[in-house]
Structures are given as structure tokens and as C-alpha cells.
Amino acid sequence: MPADPSQLSTWSHVKYFGSNLFLRGLLRAAGLVPYRLRVPMMGRLVTAMGRLAGFDKRVRNNLKLVSPELADMDPAELYRNVSDNAGRMIAEIYAGKPFHDRAHAAPISGPGLQALEEARAAGRPVLLATAHFGNYDAARAALVARGHEMGALYRRMANPYFNAHYVDAIKQNGEPLFEQGKRGMVELVRHLKKGGIAAIVTDLHAQGGELIDFFGKPAVTSTVPAELALKFGAVLIPVYAVRQENGLDFEIIMNAAVPASDPLTMTKALSADLEGIVRKHTGQWFWIHRRWKPYVPVGKAAKQPRQDAG
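No experiment lies behind these values; they were computed from the predicted model shown.

The rules we used
- Residues numbered from 1 in each chain as written.
- Predicted model: local features only at pLDDT ≥ 70, side-chain atom pairs only at ≥ 80, totals over all residues.
- Heavy atoms only, no water.
- Helix = DSSP H or I, 4+ residues; strand = E, 2+ residues; numbered from the N terminus.
- Rg over C-alpha atoms; globule rule 2.2 N^0.38 Å.
- Buried < 20%, exposed > 50% of the residue type's maximum accessible area, 1.4 Å probe, protein only.
- Contact = heavy atoms within 4.5 Å.
- Areas by Shrake-Rupley, 256 points an atom, 1.4 Å probe, with all protein chains shown as cover.
- Lys, Arg positive; Asp, Glu negative; His and termini not counted.
- Charge placed at Lys NZ, Arg CZ, Asp CG, Glu CD.
- Arc of directions from axis to C-beta.
- Phe/Tyr/Trp six-rings, centres within 6.5 Å; stacked < 30°, edge-to-face > 60°.
- Lys NZ or Arg CZ within 6 Å of the ring centre and 35° of its normal.
- 1 Å grid on protein atoms, 1.4 Å probe; cavity = no way out; pocket = protein on both sides within 12 Å on 5 of 7 lines; lining within 4 Å.
- Points joined across faces, edges and corners; volume = space filled by probe spheres on them.
- Nonpolar A, V, L, I, M, F, W, Y, C, P; charged D, E, K, R; others polar.
- Polar contact = N/O pair within 3.5 Å; in protein donor to acceptor, adjacent residues only side chain to side chain.
- Pairing = 2+ DSSP bridges.
- Axes fitted to C-alpha atoms, helices over the stretch in contact; angles between N-to-C directions.
- Patch = residues over 30% accessible without salt bridge, like charges linked within 9 Å, V, L, I, M, F, W, Y side chains within 5 Å.
- Salt bridge = Lys/Arg side-chain N within 4 Å of Asp/Glu carboxyl O.
- pLDDT = per-residue confidence, 0-100.
- Core = buried A, V, L, I, M, F, W, Y, C linked by side-chain atoms within 4.5 Å.

**Some details on the overall build of the protein**
And step 1. The helix and strand tally for the protein stands at eleven helices and nine strands.
And step 2. Radius of gyration (C-alpha) of the protein: 19 Å, near the 19 Å computed for a compact globule of 310 residues.
And step 3. Over its C-alpha atoms, taken along the principal directions, the protein stretches across nearly 50 × 45 × 45 Å.
And step 4. Expressed as a percentage of the 310 residues in the protein, the buried residues total 49%.
And step 5. Long-range pairs, those at least 24 residues apart, make up 75% of the contacts in the protein between residues at least 6 apart in sequence.
And step 6. A total accessible area of about 15100 Å² is found for the protein, and carbon and sulfur atoms account for 55% of it.
And step 7. Placing the 39 positive and 28 negative side-chain charges of the protein at their respective mean positions leaves the two points 7 Å apart.

**Comments concerning helix α10 (residues 224-232)**
And step 1. Turning to α10, its buried residues number three or more, namely Pro225, Ala226, Leu228, Ala229 and Phe232. Viewed along the axis of α10, the buried residues span an arc of 160°, placing them on a single side of the element.
And step 2. In this structure, the buried residues of α10 make contact with β2 (126-130), α9 (182-193), β5 (197-201), β8 (235-243) and α11 (263-280).
And step 3. Backbone geometry just after α10 places Gly233 at a positive phi near 65°.

**Re the packing of aromatic side chains**
And step 1. Counted by the stated rule, this structure contains twelve aromatic pairs.
And step 2. Pairwise contacts between aromatic rings join Phe214, Phe215, Trp285, Trp287 and Trp292 into one cluster.
And step 3. Taking the ring centre of Tyr16 as reference, the NZ or CZ of Lys15 above it sits at 5.5 Å.

**Brief notes about empty space enclosed by the protein**
And step 1. Under the definition given, this model contains one cavity of 30 Å³ or more.
And step 2. If you add up the space inside the largest cavity, you get close to 120 Å³.
And step 3. Lining the largest cavity are Thr202, Asp203, Phe214, Thr221, Ser222, Pro225, Thr267, Leu270, Ser271, Leu274 and Arg291.
And step 4. At four residues, the largest contribution of residues to the lining of the largest cavity is made by α11.
And step 5. Looking at the lining of the largest cavity, its residues break down into four nonpolar, five polar and two charged.

**Examining helix α7 (residues 136-145)**
And step 1. Of all the ten residues making up α7, nine are buried; the element is thus mostly covered by neighbouring parts of the structure.
And step 2. Every buried residue of α7 is accounted for by Tyr136, Asp137, Ala138, Ala139, Arg140, Ala141, Ala142, Leu143 and Val144.
And step 3. Its side-chain oxygen placed 3.0 Å from the backbone nitrogen of Asp137, Asn135 serves as the N-cap of α7.

**Examining the layout of surface pockets**
And step 1. Taken as a whole, the second largest pocket holds about 220 Å³ of empty space.
And step 2. Lining the second largest pocket, in full, are Asn81, Asp84, Asn85, Arg88, Val242, Arg243, Gln244, Glu245, Gly247, His281, Gly283 and Gln284.
And step 3. If you tally residues by element for the lining of the second largest pocket, the top one is helix α4 (residues 75-93), at four residues.
And step 4. Across the lining of the second largest pocket, the residue classes tally to one nonpolar, seven polar and four charged.

**Considerations on the sheet that holds β5**
And step 1. The sheet built from seven strands is open, its strands ordered β1-β9-β8-β2-β5-β3-β4 with mixed pairing. The open sheet terminates on both sides in strands that have one partner only, identified here as β1 (108-109) and β4 (177-179).
And step 2. Those strands touched by helix α6 (residues 112-122) are β1, β2, β5, β8 and β9 (250-254), and its axis lies near 135° from that of β8.

**A word on a positive patch on the surface**
And step 1. A contiguous patch of positive charge on the surface is contributed by Arg190, Lys193, Lys194 and Lys231.
And step 2. Tracing the chain through its elements places Arg190 in helix α9.
And step 3. A residue is classified by how much of its surface remains accessible, and Arg190, at 46% relative accessible area, is partly exposed.

**Considering the confidence of the model for the protein**
And step 1. Model confidence for the protein is summarised by a mean pLDDT of 90, while 94% of its residues fall at 70 or above.
And step 2. Within the model, pLDDT remains below 50 along residues 300-310, and this stretch shows 25 contacts once partners closer than five positions in the same chain are excluded.

**Quick notes on the side chain of Arg38**
And step 1. By secondary structure assignment, the location of Arg38 is in helix α2 (residues 35-52).
And step 2. A distance of 3.0 Å separates a polar atom in the side chain of Arg38 from the backbone oxygen of Val33.
And step 3. Among residues more than four places away in sequence, those in contact with Arg38 are Ala30, Gly31, Val33, Ala91 and Ala95.

**Some words on the nonpolar core**
And step 1. Membership of the largest hydrophobic core comes to 44 residues, with the highest contact counts inside it found for Val126, Leu128, Ile237, Ile252 and Met254.
And step 2. Per element, the largest residue contribution to this core is seven residues, and it comes from α7.
And step 3. Discounting chain neighbours no more than four positions away, the residues touching Ile237 are Gly112, Ala115, Leu116, Val126, Leu127, Leu128, Ala129, Met254, Asn255 and Ala257.
And step 4. Core analysis: the next-biggest nonpolar cluster, separate from the first, contains 23 residues, Phe215, Val242, Trp287 and Ile288 among them.

Given below as C-alpha cells:
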């Protein structure tokens, strides 16, 4: 988790302040371009910048690591698709109304929608499990527009100056927001106890999590979403916003709710569900993540075999 801003050195503050000035200037300049052109433009820009940062190598290494059946994929093409989607998402987060209009118009399909509506009618809390895929904020905006007010758990950016306006931007897609950490978790629990809906991203390396196969390789995965669902009787529903061929519109996919059992079994089901949709739309998942980091025991956790980092 990023360091608390109060713990950063003077040099870190200077570095972050400078990089934020650059990013803010870039976003403001992009905002002068019509939305239909701005979104693909940011996709191309992030693709070029990502190569300078070596993200294309990260994608290539991750692709080599996982399932043999993906070995024939062109890593250069995969990187272009992944980085293009990431750049488009950045443009969309800061676009406001043009993005919201497209998200609100997105069709919603899958059995999870009925499960959500039934849970709301019964006053049960709901946890929407999503991932760094497509544009997950489009799913949140689409559901909020249909009357499903919801909170979301987010991870603070390392750059505190960028984080301030980033949080303001994602608030436009729905509130309340809960910052990952002790305080945010307390607020999330309080929200669920009241029968609320909350969205949570499930595809990050989670310290203290469980080793669960993802594309044929063990990945450290948090069981917290499943634990919360069991503890508070929440319905756990996988949801994704799939970017359409025109690069601007979305379809919201809500798969079947995960049956209540135990945290490990439920988390494996979520991981398998995510893998299923990534296999259909491979370039829309964020393959730049270090998803397959080594397992590091926390506290009294039993030692597990270390895995090669992604």
C-alpha cells in the first residue's frame, strides 16, 4: 500500500509535485480535444509512454509465465491493446458528462443483474467484485444511473497530489468511496451493515492473501471480499464493463452470484470468473500488473513455496 503522505521525504514531495504538474497539464490539454478524438488519442499516448517505462517488457514476461495456450499470442499486439485501453480509461475518468452519458447508455446483461435486484428488494447488502478490466468505473456509473447507489473501495495513489484530484474524479461515478486501509474498511463494513452496495477490485496482489491459480499460475489473492460477503450476508456478484469495438462504448456483464460456501472456495470462483472473461477479451485486462509476485508469509501465516514474480 502507498506510504502515508505525512511519511514522505521532502525530495519525494518535490518529485511528486513536479510529476503531478506534468500530468495535470497533459489532462487539461487533452480536455480541449473533442471526446471522440480525445479518448483514442490518450490511448496512443499512453502506449508510447509505457514503452519508455518498460511496460511492454512486463506484458511480455507475464505472457511467458502463464498458460501455455496463450504462448502463440503476439506480445507486442497484446501490449498495444492493454496500454491503449489504459490510456482510454484515464481520459474517461476525467471526461465527466461525455463518459457518463456512454456509461449510462450501456446495456447490462447476465444473471447477476437479477441477483442484484432481488437482493435490493430483500434489503440484503451486495458486493460487486470487479477487476482492472475494460473500465470498471463504467459499470459503477451504469448501475448508479439505474438507481443502484453504491460505494467503492479504492487504493490510494502513491502521489498525494495526483491522488487528490483522482479521487474527486472517481467520486463523480458514485459515492461513498472507501480508501483501502483500516479506516476505509471500518467505513465499508458500516455501509454493508446498513444493507448497502459496494464495488471492490479483486485482481491485485494482496499481502497475506491465498495462493490461487490465475491463468495456470498461483497468484496471491485476497479472500476479504468473500469473508465480508459471508459475515454480513452479502450477495457476491462478479461485474465487468467490456469495451466495445468502437473503443468508446461498453457492455456491462453481470455474471451469476457466487454461492456462499467458504472464503477460499468463493475466491477461487471469483478468480475463475475473471479468467473466463479475460480469455474472451484478453487485451482489456491490465497485464502490466505484477500479478504473480512471490508469496510472502505475514504474521503466523504458514510458509508457502515462492513463485516467480510476474
